[in-house]
Amino acid sequence: MRVIPSAILFAAAAVSAYAQTPSVSTGGVINAANGISPVAPGSLVSIYGSELASGLAQADTIPLGTSMSSVSVTFNGVPAPLLFVSGGQINAQLPWNVLSSGTVGTALVVVTRNHQPSAPLSLQVGPFSPGIFAIGNIAVAINSDGSIAAPAGSIPGIATKPAKIGDPGGLVILCTGLGAVDPPAVNGADSLDALRTATTTPTVLIGGKAATVVFAGMSPQFVGVNQINVAVPSGTPTGDAVSLQLSLGGMTTTATVTIAVSQ
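The structure presented is a predicted model; accordingly, all values stated were derived computationally and were not measured.

Side note on the overall build of the protein chain
Part 1 of the argument: The number of helices and strands found in the protein chain is 1 helix and 28 strands.
Part 2 of the argument: Based on the C-alpha atoms only, the size of the protein chain along its principal axes is roughly 80 × 45 × 35 Å.
Part 3 of the argument: Each of the 263 residues in the protein chain was classed as buried or not, and the buried ones make up 45%.
Part 4 of the argument: Partitioning the contacts of the protein chain with sequence separation of at least 6, the portion at a separation of at least 24 is 60%.
Part 5 of the argument: Here the protein chain has roughly 12,000 Å² of accessible surface; of this, 58% comes from carbon and sulfur atoms.
Part 6 of the argument: On the protein chain, the mean spot of the 6 positive side-chain charges and the mean spot of the 8 negative ones are 7 Å from each other.

Okay, structure coming up:
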């Protein structure tokens, strides 16, 4: 029996891994917050598929880079800033300049792993794609004291308490997909350098009642994350699971995302 040296086996395995071609699933590019499409420039998106990366890796610096663990992503040829890569999922920022002109169109996404590109996949891009970040069904909506607006003790390891009607500090909602901001943002960068306001203000509904929007724009310390500051008005329904929704550009987010509200 012929014995194959271990070095040759290792080299063969390395070549096999190198040659694996990534594949993006049909319909596999969605809003990272709530899984909807079309997606909007500047927002965070999740890309699903197979053989996308050889393992797990996540960004640890800002500005975000456009290559991670020999993986890169382009939309219409524009490199996308990357937050996370794995074999089945990539989280990235859809570049602000994904469309050469206008705010509605299509983009071709290509994932490249070790110089092996995926087949281009077409996706729809629109001016808005509102999505609220959530832990399960609990919205990432932050009270003035830093706690999450949820029933006390409902999220292990995280301070929670109901939002209070009339709290002068209001509520901060973290979301993505609010569209263009002024001044314009830079791909992969945070907004610590300037206050960037959404050019179109969303409607915020708490239990179906419109809240007062104090600010809507980019969250200063995060990439691709929007922040909406609202005042919780009198007459807002109370309870442990009050729906929190955004309405923008004819799109309204699901009523299954909730916060807790008290008097």
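Read on for the rest.
As for the layout of surface pockets
One way to see where empty space is left: roll a probe the size of a water molecule over the atoms.
Part 1 of the argument: Here the largest pocket defines a volume of roughly 350 Å³.
Part 2 of the argument: What lines the largest pocket is a set of 18 residues, and nearest its centre among them are L44, L83, F133, V223 and V225.
Part 3 of the argument: Of all the secondary structure elements, the ones that give two or more residues to the lining of the largest pocket are β2 (44–50) and β8 (89–93).
Part 4 of the argument: By volume, the second largest pocket is sized at about 260 Å³.
Part 5 of the argument: Contributing to the lining of the second largest pocket are 15 residues, with P41, W96, T103, G179 and A180 lying nearest its centre.

Some points on the environment of G170
Part 1 of the argument: Assignment of secondary structure puts G170 in the loop between β18 (163–164) and β19 (171–176).
Part 2 of the argument: For G170, a relative accessible area of 9% puts it in the buried group.
Part 3 of the argument: Not counting residues up to four positions away in its chain, the partners in contact with G170 are I142, N143, S144 and V230.

Concerning the confidence of the model for the protein chain
Part 1 of the argument: Per-residue confidence for the protein chain gives a mean pLDDT of 93; residues scoring 70 or more make up 93%.
Part 2 of the argument: Ignoring residues within four places in sequence, the model shows residues 1–18, a span with pLDDT below 50, making 6 contacts including any to other chains.

Re the pattern of salt bridges
Part 1 of the argument: A full pass over the atoms with the stated rule returns 3 salt bridges.
Part 2 of the argument: For E51, the salt bridge goes to R113, with nearest N and O atoms at 3.2 Å. Taken together, the residues E51 in the loop between β2 and β3 (57–58) and R113 in strand β9 (residues 105–113) connect sequence positions 62 residues apart.
Part 3 of the argument: Note on R113: relative accessible area 3%, which makes it buried.
Part 4 of the argument: Close ionic contact of R196 with D193 constitutes a salt bridge, the shortest N to O distance being 2.8 Å.
Part 5 of the argument: The class of D193 is exposed, set by a relative accessible area of 59%.

Description of the side chain of S43
Part 1 of the argument: Mapped onto the fold, S43 is located in the loop between β1 (23–31) and β2.
Part 2 of the argument: S43 has contacts with A92, Q93, L94, T176, G177 and G224, leaving out every residue within four places of it along the chain.

About the thresholds
Residue numbering note: each chain is counted from 1, following its sequence as written. Note on the predicted model: pLDDT of at least 70 is required for a residue's local features to be given, and 80 or more for side-chain atom pairs to be given and counted; whole-chain, interface and lining totals, by contrast, use all residues. Excluded from the side-chain calculations are hydrogens and water; all other atoms, namely the structure's heavy atoms, are used. Helix numbering and strand numbering both begin at the N terminus, where a helix is a DSSP run of H or I of at least 4 residues and a strand a DSSP run of E of at least 2. Per-residue accessibility, obtained with a 1.4 Å probe over protein chains only, is compared with the maximum for each type, and a residue is labelled buried under 20%, exposed over 50%, and partly exposed between these values. Whether two residues touch is decided by their heavy atoms; if any such pair falls within 4.5 Å, the residues are in contact. Per-residue and other accessible areas follow the Shrake-Rupley method at a 1.4 Å probe size, with only the shown protein chains counted as cover for residues. Note on charges: Lys and Arg go in the positive column, Asp and Glu in the negative column, and His and the chain ends are not counted at all. Positions of charges follow a simple convention, taking NZ of Lys, CZ of Arg, CG of Asp or CD of Glu. Grid points spaced at 1 Å and placed over the protein atoms alone form the basis of the search, with a cavity being a set where a 1.4 Å probe fits but cannot get out and a pocket an open set showing protein on both sides within 12 Å along at least five of seven lines. Lining residues have an atom within 4 Å of a point. Grid points are joined across faces, edges and corners, and a volume is the space filled by probe spheres set on the points. Each residue carries a pLDDT score, the predictor's confidence in it, ranging from 0 to 100. Any Lys or Arg side-chain nitrogen found within 4 Å of a carboxyl oxygen on Asp or Glu counts as a salt bridge.

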